[in-house]
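Structural characterization, general
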Amino acid sequence: GDSVTQMEGPVTLSEEAFLTINCTYTATGYPSLFWYVQYPGEGLQLLLKATKADDKGSNKGFEATYRKETTSFHLEKGSVQVSDSAVYFCALSIGPTGNQFYFGTGTSLTVIP
Amino acid sequence: NAGVTQTPKFRVLKTGQSMTLLCAQDMNHEYMYWYRQDPGMGLRLIHYSVGEGTTAKGEVPDGYNVSRLKKQNFLLGLESAAPSQTSVYFCASRKTGGDGYTFGSGTRLTVV
């Protein structure tokens, strides 16, 4: 079935380090792919998205490229800040109305000064 | 600000008690969802609605009921709470043809 697998956490980085959070997916059709971020005590917020192969989503210095050949959507940021500390969720939507939505288990990121 | 509002934010129930969680959105979104979030398990879909007056089961519907009497509101009910329902509950909505969800800030429920 359709699913998302993302790297286990927690991840701890020093400020200004490079970040990669891996995400791979399994889908029977052509999904849209998303990264959501959840700050402590808050709901999930859409960080970026890509709707077709080779699209690159970007926001707040984060990027992810929809790679159909490797069924991946890895999240990257060149220089993390303490304020990026949060839980990051990879997700996909699929189906004629996009109503089937699948989330990964989340990756906790802590950035230390 | 427009968005998804969940009430209450926190609640403690005794086993066997009932309660209703309210989700309200003011974005005229057609689709609404209830998820629960548990450590190490990500988000799991409980129930969802594709429009006013319609509801459908998600991945983990047992022990919950929902209603969508008005387009802007989506209620989640627990008829007889169990400790296994201790979780953080998130409501989300999405517009027709839209890709992403808008989430509420969550309800932390503890059943003792």
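It should be noted that the structure appears before, not after, this text.
Residues numbered from 1 in each chain as written. Chains lettered and ligands numbered in written order. Predicted model: local features only at pLDDT ≥ 70, side-chain atom pairs only at ≥ 80, totals over all residues. Heavy atoms only, no water.

**Remarks on unusual backbone geometry**
This is how the line gets drawn: Strands here are runs of E lasting at least two residues and helices are runs of H or I lasting at least four, both read from the DSSP assignment and numbered beginning at the N terminus. Type-normalised accessible area, obtained with a 1.4 Å probe on protein chains alone, sets the label of each residue: buried when under 20%, exposed when over 50%, and partly exposed for intermediate values.
For the bond running from A:Gly9 to A:Pro10, omega is -5 degrees, close enough to zero to count as cis. Counting through the fold element by element, A:Pro10 comes out in the loop between β1 (3-6) and β2 (11-14). Cis rather than trans, the peptide bond between B:Thr7 and B:Pro8 has omega equal to -5 degrees. Look at A:Lys60: it is not a glycine, yet its phi comes out positive at around 55 degrees. The residue A:Lys60 is located in the loop between β7 (56-59) and β8 (62-65) in this model. According to the relative accessible area criterion, A:Lys60 is exposed, its value standing at 52%.

**Observations concerning the sheet that holds strand β9 (residues 75-77) of chain A**
Residue and element names in this part refer to chain A. As a reminder, the rule being used: We call two strands paired when DSSP finds no fewer than two bridges between them. Only the stretch in contact is used when a helix axis is fitted, and all axes are lines through C-alpha atoms; the angle between N-to-C directions ranges over 0 to 180 degrees.
The sheet built from four strands is open, its strands ordered β3-β9-β8-β7 with antiparallel pairing. In this open sheet, the two strands that pair with only one neighbour each are β3 (19-21) and β7. Across the sheet, the axes of successive neighbouring strands diverge by a mean angle of 15 degrees, strand direction being ignored. In the sheet, β8 pairs with β9 via three bridges, with the strands oriented antiparallel. By the bridge assignment, Ala64 is partnered in β9 with Leu75.

**Brief notes about the nonpolar core**
So the rule is basically this: As used in this record, nonpolar core signifies buried Ala, Val, Leu, Ile, Met, Phe, Trp, Tyr and Cys residues forming a set joined through side-chain atoms within 4.5 Å. When checking whether two residues touch, look at their non-hydrogen atoms; a contact exists if any pair is within 4.5 Å.
Residues A:Trp35, A:Leu47, A:Leu48, A:Phe73, A:Leu75 and A:Tyr88 are the most contacted members of the largest nonpolar core, which totals 27 residues. Those elements that place two or more of their residues in this core are β2, β3, β4 (23-26), β5 (32-38), β6 (44-50), β8, β10 (86-94) and β12 (107-112) of chain A. Top contributing element to this core by residue count: β10(A), with five residues. If we skip the residues at most four places from it in the chain, A:Leu48 touches A:Leu33, A:Phe34, A:Trp35, A:Gly57, A:Ser58, A:Asn59, A:Phe62, A:Glu63, A:Ala64, A:Phe73 and A:Leu75. Among the nonpolar cores identified, the runner-up in size contains 19 residues, and B:Ile46, B:Ala81, B:Tyr89 and B:Val111 belong to it.

**Topic: the environment of B:Lys14**
Residue and element names in this part refer to chain B. Relative to the helices and strands, Lys14 resides in the loop between β2 (10-13) and β3 (19-25). Through-space distance from the C-alpha of Lys14 to that of Ala81 is 7.2 Å; in sequence the pair is 67 residues apart. Ignoring any residue separated from it by four or fewer positions in sequence, one finds Lys14 in contact with Ala81, Val111 and Val112.

**Re the pairing of β6(A)**
All names here are of chain A. As judged from the six bridges shared by β5 and β6, these two strands associate in the antiparallel manner. Bridge pairing in β6 places Gln38 opposite Leu44. Here β5 hands over to β6 after five residues, with Gly41 in that stretch at a positive phi of 75 degrees.

**Some points on the interface of chain A and chain B**
Our working definition: Buried area is understood as the total, over both parts, of accessible area removed when two parts are fitted together, assessed with a 1.4 Å probe. Criterion for a salt bridge: a side-chain nitrogen of Lys or Arg within 4 Å of a carboxyl oxygen of Asp or Glu. Within 3.5 Å is the distance limit for a polar contact, defined as a pair of N or O atoms, with the added protein rule that one can donate a hydrogen and the other accept it, and that residues adjacent in sequence qualify only through two side-chain atoms. Put simply, Ala, Val, Leu, Ile, Met, Phe, Trp, Tyr, Cys and Pro go in the nonpolar bin, Asp, Glu, Lys and Arg in the charged bin, and everything else, Gly too, in the polar bin.
The interface of chain A with chain B comprises 19 residues on the first partner and 18 residues on the second. Across the chain A/chain B interface, buried area totals approximately 1400 Å², and carbon plus sulfur atoms make up 52% of it. Put simply, chain A and chain B have zero salt bridges between them. Taken together, the links from chain A to chain B amount to two residue pairs in polar contact (both at pLDDT 80 or more). Looking at the side of chain A that touches chain B, the elements that each hand over two or more residues are β5, β6, β10 and β11 (100-103) of chain A. Of the residues forming the side of chain A that touches chain B, the biggest block, four residues, is contributed by β5(A). Residues belonging to the side of chain A that touches chain B are distributed by class as follows: six nonpolar, 11 polar and two charged.

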